[in-house]
Amino acid sequence: MTRSLHVVPDPVNTPKPGRHRASAADTTAGVPSRGTVLALRSIPVVGWVFLIVGVVRPFRARWLRVAFWIDVVLSVGVHAAQIPAARKVAAERGISGRRAAVMTMLLGATWWKTLGEAQR
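Everything quoted here is computed from the prediction, not taken from an experiment. (Residues numbered from 1 in each chain as written. Predicted model: local features only at pLDDT ≥ 70, side-chain atom pairs only at ≥ 80, totals over all residues. Heavy atoms only, no water.)

Draft legend 1. Local environment of the side chain of Asp71. Structurally, Asp71 can be placed in helix H2 (residues 62-81). Not counting chain neighbours up to four residues away, the residues in contact with Asp71 comprise Gly47, Trp48, Phe50, Leu51 and Val76. (Helix = DSSP H or I, 4+ residues; strand = E, 2+ residues; numbered from the N terminus. Contact = heavy atoms within 4.5 Å.)

Structure follows, in C-alpha cells:
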C-alpha cells in the first residue's frame, strides 16, 4: 500500500493572485529592468534641461538659482569625475573611451553602471 503525501503551500513564498510589484527576487540577480534603467537615465536628462532653461532665461527666484548651481555642480563636476571609472567599464565591453566620456557627461552613473541592462 502506497501512502500519498499532501503538500501544503508555503504561505510566505506563495505569490498572491492579481497585480503585484516585481521584487528583487523576480529579476535576474537584482538587475534592474529596462523600464527602470530608462527611468533612471531620464533623471540626468531633466537636470540638463533645467540647466539649459536656466542659461537661456535666468531664474529670478532665489531657490531656483540655488537649485541651478547645485545642478551645475552635479551635472558637470560629478559626471566629469565619473569618466575614468566609466571608461574602464566601457573598455571591458568594447565601447570607445570617447563614447564613454560623452555618455557619462550626459547620463552619469546611470549610463555606465547599467551598461547592457537597457538591451534586456
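Draft legend 2. Broad picture of the packing of aromatic side chains. One pass over the structure, following the stated rule, counts three aromatic pairs. Ring geometry for Phe50 versus Phe59: centroids 4.9 Å apart, planes at 20 degrees, classification stacked. For Phe50, a relative accessible area of 24% translates into the label partly exposed. A residue is classified by how much of its surface remains accessible, and Phe59, at 16% relative accessible area, is buried. Between the aromatic rings of Phe68 and Trp69, the centroid separation amounts to 5.2 Å while the plane-to-plane angle is 85 degrees, which identifies the pairing as edge-to-face. Note on Phe68: relative accessible area 11%, which makes it buried. (Phe/Tyr/Trp six-rings, centres within 6.5 Å; stacked < 30°, edge-to-face > 60°. Buried < 20%, exposed > 50% of the residue type's maximum accessible area, 1.4 Å probe, protein only.)

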